[in-house]
Amino acid sequence: QVQLVESGGGLVQPGGSLRLSCAASGSILSISGMSWYRQAPGKLRESVASISKLGSTIYADSVKGRFTISRDNAKNTVYLQMNSLKPDDTAVYYCNANMKTQPTMGLMSYWGKGTLVTVST
């Protein structure tokens, strides 16, 4: 069973930092792009950052200069380093990966269950 498992969320004060991790496990043949999304209460899910297999990155304007996405292909893991956190960053953060899990099928999109990040005093 292929799954993505996020970790690293929690409560942090404004201006603080957190590092999220997302590990892919199971019968994985290859992983293409990996991304972080977030969904705040009452809002739609939005893209935060993405990284290609070769390391090219894209960030939402709201997190540029504060968040850094990275990946370890040997560990099938993607990270999100979040600095200078603001209350508006409070959300459930979801990991997404496009993965090939069967020889006869192409890339499919997989989601983790999410990890809660709360930025508050």
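Nothing here was measured: the structure is a model prediction, and the numbers come from that model.

Caption draft 1: Quick peek at the pattern of salt bridges. In the structure shown here, the tally under the stated rule is four salt bridges. With a shortest N-O distance of 2.7 Å, E46 and R38 are connected by a salt bridge. Using a relative accessible area of 36% as the deciding quantity, one classes E46 as partly exposed.

Caption draft 2: How the structure looks around the layout of surface pockets. In this model, the largest pocket occupies a volume close to 180 Å³. Lining the largest pocket are R38, Q39, A40, P41, K43, L44, E46, P87, D88, D89, T90 and A91. Looking at the lining of the largest pocket residue by residue, the classes come out as five nonpolar, two polar and five charged.

Caption draft 3: Geometry of the environment of S21. Looking at where S21 falls in the secondary structure, it is placed in strand β3 (residues 18–25). By relative accessible area, which is 19% here, S21 ends up buried. Between the C-alpha atom of S21 and that of V117, which follows or precedes it by 96 residues, the distance is 13 Å. Among all residues touching S21, those that are not within four sequence positions of it are V5, E6, S7, W36, V78 and Y79.

Caption draft 4: Structural context of the pairing of strand β1 (residues 3–7). The two faces of β1 differ: L4 and E6 on one face are buried, but Q3, V5 and S7 on the other face are not. Direction of pairing for β1 relative to β3: antiparallel, over a ladder of five bridges. Considered in β3, the bridge of E6 is made with C22.

Caption draft 5: Looking closely at the nonpolar core. Ranked by size, the top nonpolar core spans 31 residues in total, and within it W36, L80, M82, Y93 and M99 carry the most contacts. Where this core is concerned, the elements lending two or more residues are β3, β4 (30–39), β5 (46–51), β7 (67–72), β8 (77–82), β9 (91–100) and β11 (115–119). Take this core: its biggest share by element is five residues, from β9. Here Y93 is in contact with E6, L20, W36, Y37, R38, V48, F67, L80, M82, G114, T115 and V117, once residues within four sequence places are set aside.

Caption draft 6: Expanded view of the sheet that holds β1. Strand order in the open sheet made by the four strands is β1-β3-β8-β7, with antiparallel pairing throughout. Bordering the open sheet on either side are β1 and β7, each of which pairs with just one other strand. In this sheet, adjacent strand axes meet at a mean angle of 15° when their direction is disregarded. Note that β3 and β8 share six bridges and pair antiparallel. When the bridges of β8 are listed, L20 appears paired with L80.

Basis of the calculations
Residues numbered from 1 in each chain as written. Predicted model: local features only at pLDDT ≥ 70, side-chain atom pairs only at ≥ 80, totals over all residues. Heavy atoms only, no water. Salt bridge = Lys/Arg side-chain N within 4 Å of Asp/Glu carboxyl O. Buried < 20%, exposed > 50% of the residue type's maximum accessible area, 1.4 Å probe, protein only. 1 Å grid on protein atoms, 1.4 Å probe; cavity = no way out; pocket = protein on both sides within 12 Å on 5 of 7 lines; lining within 4 Å. Points joined across faces, edges and corners; volume = space filled by probe spheres on them. Nonpolar A, V, L, I, M, F, W, Y, C, P; charged D, E, K, R; others polar. Helix = DSSP H or I, 4+ residues; strand = E, 2+ residues; numbered from the N terminus. Contact = heavy atoms within 4.5 Å. Pairing = 2+ DSSP bridges. Core = buried A, V, L, I, M, F, W, Y, C linked by side-chain atoms within 4.5 Å. Axes fitted to C-alpha atoms, helices over the stretch in contact; angles between N-to-C directions.

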